[in-house]
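Architecture and fold: a report
As a plain string of letters, each chain reads:
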Amino acid sequence: MTDVLFGLLSAVANAIGGELSKGLTLRFPARQLIGPLFFLNALLVVPAAPFVDWTWSPQIVVLHLISVGLLVMSSLAIWDLYDHGSAAATVTAQSISPLPAAMAVALLLPGTLE
């Protein structure tokens, strides 16, 4: 029962976030919102950084840089969707976007998703 409750709360939070994001794009240029929103996100996360053990290697740094690049590209796409489309359509697109990645993992790394 708690799984269903958490699923419903997640769906409601996702819908509220979509409406808030669409509202922001109506008031401000969508692409200019990305930087300040990432900055606010960092302000929430950075205070917890000293309490976590960190491991660094060249491979980890490269993976982080690749991740940042992909995050910026996907953020541009999502905020363009909010700018030109409805909040419901954008939230739906965000919800189904992990499906191709999960299918690729299942094909490339059999036994990973069991």
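This structure is a prediction, so every number in the text was calculated from the model and none was measured.

A full pass over the atoms with the stated rule returns two aromatic pairs. Geometrically, the ring pair formed by Trp54 and Trp56 is stacked, given 6.3 Å between the ring centres and 20° between the ring planes. For the residue pair Trp54 and Trp56, the accessibility class agrees, reading exposed in each case.

Here we take up the packing of helix α1 (residues 2–27) against helix α3 (residues 58–84). Across the interface, α1 lies against α3 with an axial gap of 8 Å and an inter-helix angle of 75°. The orientation of α1 relative to α3 falls into the category roughly perpendicular. Along the contact surface, α1 presents Gly17, Gly18, Ser21, Lys22, Leu24 and Thr25, while α3 presents Trp79, Tyr82 and Asp83. In terms of residue class, the contact of α1 with α3 is built from three nonpolar, four polar and two charged.

Looking now at the packing of α3 against helix α4 (residues 87–96). At a minimum axis separation of 8 Å, α3 and α4 run at an interaxial angle of 155°. One finds that α3 runs roughly antiparallel with respect to α4. By crossing handedness, the relation of α3 to α4 is classed as right-handed. Along its contact with α3, which presents Ile78, Leu81 and Tyr82, the element α4 presents Ala87, Thr90, Val91, Ala93 and Gln94. Its residues assigned to classes, the contact of α3 with α4 comprises six nonpolar, two polar and no charged.

Before going further, it helps to examine the pattern of salt bridges. Per the counting criterion, the structure on display carries one salt bridge. The residue Arg31 makes a salt bridge to Asp80 at a minimum N-O spacing of 2.7 Å. Note that Arg31 is positioned in helix α2 (residues 30–45) and Asp80 in helix α3, a separation of 49 residues in sequence. Taking the relative accessible area as the measure of exposure, Asp80 reaches 21% and is therefore partly exposed.

Turning next to the nonpolar core. With seven residues, the main nonpolar core is built from Ala30, Leu33, Ile34, Ile78, Trp79, Tyr82 and Val91. In this view, Val91 contacts Asn14, Gly18 and Tyr82; residues no more than four positions away in its chain are not counted.

Now for a nonpolar patch on the surface. A cluster of nonpolar side chains, Phe51, Val52, Trp54, Trp56, Val61 and Leu65, forms an exposed patch at the surface whose accessible area comes to about 760 Å². Inspection of the secondary structure puts Val61 in helix α3. Under the relative-accessibility criterion, Val61 is labelled partly exposed at 35%.

With that settled, the discussion passes to α1. An α-helical segment advances 3.6 residues per turn. Residues three or four places apart therefore align on the same side. Taking 1.5 Å per residue as the helical rise, α1 with its 26 residues ought to reach 38 Å, and the 37 Å between its terminal C-alpha atoms agrees with that figure. For α1, the set of buried residues is Gly18, Ser21, Lys22, Gly23 and Thr25. Looking at the packing, one finds that the buried side of α1 touches α2, α3 and α4.

What counts, and at which threshold
Residues numbered from 1 in each chain as written. Predicted model: local features only at pLDDT ≥ 70, side-chain atom pairs only at ≥ 80, totals over all residues. Heavy atoms only, no water. Phe/Tyr/Trp six-rings, centres within 6.5 Å; stacked < 30°, edge-to-face > 60°. Buried < 20%, exposed > 50% of the residue type's maximum accessible area, 1.4 Å probe, protein only. Axes fitted to C-alpha atoms, helices over the stretch in contact; angles between N-to-C directions. Helix = DSSP H or I, 4+ residues; strand = E, 2+ residues; numbered from the N terminus. Parallel < 35°, antiparallel > 145°, perpendicular 65-115°, else oblique. Contact = heavy atoms within 4.5 Å. Nonpolar A, V, L, I, M, F, W, Y, C, P; charged D, E, K, R; others polar. Left-handed = near helix turned anticlockwise from the far one by under 90°. Salt bridge = Lys/Arg side-chain N within 4 Å of Asp/Glu carboxyl O. Core = buried A, V, L, I, M, F, W, Y, C linked by side-chain atoms within 4.5 Å. Patch = residues over 30% accessible without salt bridge, like charges linked within 9 Å, V, L, I, M, F, W, Y side chains within 5 Å. Areas by Shrake-Rupley, 256 points an atom, 1.4 Å probe, with all protein chains shown as cover. Expected span 1.5 Å × (residues − 1).

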